[in-house]
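Tertiary structure, described
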Amino acid sequence: MKKIWFFIAFTAVLFSCSDNNRSNNNPYIPNYSINVYLDNNLPTYNNLKYVSNPVYVPNYGAKGIIVMKTGEGTYTAFDAACPNQAITSCTAMTISGIYAVCSCDKAEYNLFTGLGGKEYPMKQYRAEGSGTVIHVYN
């Protein structure tokens, strides 16, 4: 009987594990390798010292990346390409407060979650803060 319970518990744990990239698959945005360090002591990234002040960083990912501090030592980073449009049809999303706005369909995406009420959320990258430096990578 103990073997059956062990097997059930093991199976439950096995199926509860998830792949972090599963929800990040998007047919419109290719998978680009990202590895950038942003120092918030520099004037360009100074807004990253404060919660809810996103910064657009060009020349990374498909259309640049948008990075925002979400709490003490926590950050989010998303690709600035419109997640529900062909990559060549739209310019990079613009920042409007805590939202990113797609230039094609004017859809708004929350920069805390990346959700916008459309089929695909924003493509997310990992972001970790250490002192004054934020590391964005995948």
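Scroll up to find the structure this text is about.
All of the points below concern the structure found in this document. Small disclaimer: the values here were computed from a predicted structure and weren't measured. (Residues numbered from 1 in each chain as written. Predicted model: local features only at pLDDT ≥ 70, side-chain atom pairs only at ≥ 80, totals over all residues. Heavy atoms only, no water.)

Things to note about the side chain of Asn84
The topology assignment puts Asn84 in the loop between β4 (74-79) and β5 (94-96). A polar side-chain atom of Asn84 sits 2.9 Å from the main-chain amide nitrogen of Tyr120. Once residues within four sequence positions are removed from consideration, Asn84 is found in contact with Tyr28, Tyr109, Lys118, Glu119 and Tyr120. (Helix = DSSP H or I, 4+ residues; strand = E, 2+ residues; numbered from the N terminus. Polar contact = N/O pair within 3.5 Å; in protein donor to acceptor, adjacent residues only side chain to side chain. Contact = heavy atoms within 4.5 Å.)

Remarks on the sheet that holds β5
What the 3 strands build is an open sheet, ordered β5-β6-β7; its pairing is antiparallel. Two strands close off the open sheet at either side, each with one partner strand: β5 and β7 (108-110). Across the sheet, the axes of successive neighbouring strands diverge by a mean angle of 35°, strand direction being ignored. As paired strands, strand β6 (residues 99-101) and β7 are joined by 3 bridges and run antiparallel to one another. By the bridge assignment, Ala100 is partnered in β7 with Tyr109. (Pairing = 2+ DSSP bridges. Axes fitted to C-alpha atoms, helices over the stretch in contact; angles between N-to-C directions.)

Focus: the state of the cysteines
This structure, assessed with the given rule, holds 2 disulfides. The side chain of Cys82 participates in a disulfide bridge whose partner is Cys102; the two sulfur atoms lie 2.1 Å from each other. Taking the sign of the S-S torsion, 115° for the link of Cys82 and Cys102, the bridge is right-handed. Placement of Cys82 in the loop between β4 and β5 and of Cys102 in the loop between β6 and β7 is noted, with a sequence separation of 20 residues between them. The disulfide partner of Cys90 is Cys104, and the S-S distance across this bridge is 1.8 Å. As the torsion about the S-S bond is roughly -125°, the Cys90-Cys104 disulfide counts as left-handed. (Disulfide = S-S within 2.5 Å.)

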